[in-house]
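# Per-entry structural report
One letter stands for each residue in the lines below.
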Amino acid sequence: MFGKKTAQRRIFLSASPLQRLELELDPERSFAMDSAVSDPHNGSAEAGGPTNGTTRPPSTPEGIALAYGSLLLMALLPIFFGALRSVRCARGKNASDMPETITSRDAARFPIIASCTLLGLYLFFKIFSQEYINLLLSMYFFVLGILALSHTISPLMNKFFPANFPNRQYQLLFTQGSGENKEEIINYEFDTKDLVCLGLSSIVGVWYLLRKHWIANNLFGLAFSLNGVELLHLNNVSTGCILLGGLFIYDIFWVFGTNVMVTVAKSFEAPIKLVFPQDLLEKGLEADNFAMLGLGDIVIPGIFIALLLRFDISLKKNTHTYFYTSFAAYIFGLGLTIFIMHIFKHAQPALLYLVPACIGFPVLVALAKGEVTEMFSYEESNPKDPAAVTETREGTEATTSKGLEKKEK
């Protein structure tokens with residue numbers, strides 16, 4: 001049975017391989033330096049630039065600093081708040097509202113699935129018209145973005161509804177079969193407040209669909225990122241290391257080894273990146289010379305950082321040492337990425353710097369504190385596993401029984 005969060009999560013997860021295209025630091029489009037930097041693959045002007053042979057004036061140092069600082073801040077927000085929300089999500093009592101747990105097997109297969117998806121999109125763009133493909137993708141992400149943004153703003157919007165707000169419960173149910181063989185496909189529960197959030201999110205969706213404005217793109221991108229960090233849970237630190245390590249190799253191979261990533265990123269129009277104009281100070285909201293960061297470079301390290309926050313809480317020491325360490329490591333890694341790009345005038349795969357930092361810093365802290373064993377033995381059971389749910393329920397009942405016996409004595 002799927003609850004409200006489950007339905008939203010499944011829709012979000014269905015887009016994960018596409019989101020992992022990540023802007024992936026296409027040397028033309030991701031973390032673009034300025035229009036003076038040409039494409040190292042074909043020598044053409046930077047994507048998004050004029051097509052009549054003219055070039056934009058170089059971005060000012062202030063504009064570049066503002067763009068990169070804003071991207072860094074936007075990357076940190078979904079990681080920080082998504083990690084906090086992941087704790088509440090993990091504590092949910094209803095099994096249907098539990099997060100999606102990534103096992104070591106899932107982590108090992110993910111780079112392979114992402115590579116197949118990327119190569120498939122590359123072939124699609126080579127064979128079929130780019131215009132029609134992007135039209136289908138725009139409609140797909142229009143629906144996906146509205147649901148993700150609605151889920152993101154719902155807790156905040158609930159604080160603004162008055163106490164006497166007429167809130168009614170609704171249920172959207174799809175079943176298959178009949179009688180004893182009836183199986184629920186979708187069981188989507190929502191209320192009037194959710195409909196209001198859905199309406200507000202739809203306004204942003206229409207804005208994005210009609211204008212493709214960078215602010216609307218960022219609202220969807222932030223919503224995707226926060227949902228990913230909140231709803232995707234690693235079952236242990238080892239799984240996180242496998243996932244980050246696999247995507248570390250994936251990033252390097254597809255960015256430096258082939259032009260597949262470049263071709264797809266240039267052709268792919270979807271809110272799977274955060275962007276900020278480097279010429280905002282000169283052109284205002286109509287600026288069009290963007291620095292970019294892929295959602296995969298936020299979500300992938302973000303779910304590992306969120307896992308370390310939940311590990312901190314499991315230690316019951318009232319400290320969040322590993323969370324803050326990994327959070328600082330992410331800032332260091334992303335800052336180093338920007339610095340390297342600025343020095344060498346060439347885009348870099350961010351995971352090349354983020355993965356060693358996000359894994360290395362917490363492990364060093366664990367070594368210093370003598371908690372390496374505790375870190376790697378920490379395990380989060382899959383809440384969708386009936387055995388895990390039964391075990392948890394039995395443990396809770398046993399604890400309750402012991403408490404009652406003590407009171408009787």
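Definitions and limits used
- Residues numbered from 1 in each chain as written.
- Predicted model: local features only at pLDDT ≥ 70, side-chain atom pairs only at ≥ 80, totals over all residues.
- Heavy atoms only, no water.
- UniProt positions renumbered as here; feature names shortened; annotations may be inferred.
- Helix = DSSP H or I, 4+ residues; strand = E, 2+ residues; numbered from the N terminus.
- Contact = heavy atoms within 4.5 Å.
- Core = buried A, V, L, I, M, F, W, Y, C linked by side-chain atoms within 4.5 Å.
- Buried < 20%, exposed > 50% of the residue type's maximum accessible area, 1.4 Å probe, protein only.
- Expected span 1.5 Å × (residues − 1).
- Pairing = 2+ DSSP bridges.
- Salt bridge = Lys/Arg side-chain N within 4 Å of Asp/Glu carboxyl O.

## So, the UniProt feature "transmembrane region" (unreviewed entry) in the chain
Sequence positions flagged by UniProt for "transmembrane region" (unreviewed entry) are, in local numbering, residues 65-87, 107-125, 132-153, 231-256, 290-309, 321-344 and 350-368. As annotated, residues 65-87 comprises 100% helix and 0% strand, and the C-alpha atoms at either end are separated by 34 Å. Note that residues 107-125 is 100% helix and 0% strand, and that its end C-alpha atoms are spaced 28 Å apart.

## Quick notes on the environment of Pro-111
Residue position: Pro-111 is located in helix 4 (residues 104-127). Expressed as a C-alpha distance, the spacing of Pro-111 and Gly-245, which sit 134 residues apart in the sequence, is 9.5 Å. Contact partners of Pro-111, with chain neighbours within four places excluded, come to Gly-246, Leu-247 and Tyr-250.

## Digging into the nonpolar core
Judged by nonpolar contacts, the single largest core of 85 residues is most densely connected at Leu-71, Phe-141, Val-264, Phe-268, Ile-298 and Tyr-330. Of all the elements, helix 11 (residues 296-315) adds the most residues to this core, at eleven residues.

## Thoughts on helix 13 (residues 351-369)
For helix 13, with 19 residues, the first-to-last C-alpha span of 27 Å sits near the 27 Å given by 1.5 Å per residue. Looking only at helix 13, the buried set comprises Leu-351, Tyr-353, Leu-354, Val-355, Ala-357, Cys-358, Ile-359, Pro-362 and Ala-366. In this fold, the buried residues of helix 13 make contact with helix 8 (237-257), helix 11, helix 12 (321-344) and helix 14 (372-377).

## As for the pairing of strand 3 (residues 183-191)
Judged from the eight bridges that link them, strand 2 (residues 169-176) and strand 3 form a sheet pairing that is antiparallel. Its bridge partner lying in strand 3, Tyr-170 is registered against Phe-190.

## Considerations on the pattern of salt bridges
Taken as a whole and assessed by the stated rule, the structure comprises seven salt bridges. Put simply, Glu-380 and Arg-310 hold a salt bridge, and the shortest N to O gap is 2.5 Å. Of this pair, Glu-380 sits in the loop between helix 14 and helix 15 (386-408) while Arg-310 sits in helix 11, and the two are 70 residues apart along the sequence. In terms of burial, Glu-380 and Arg-310 fall into one category: buried.

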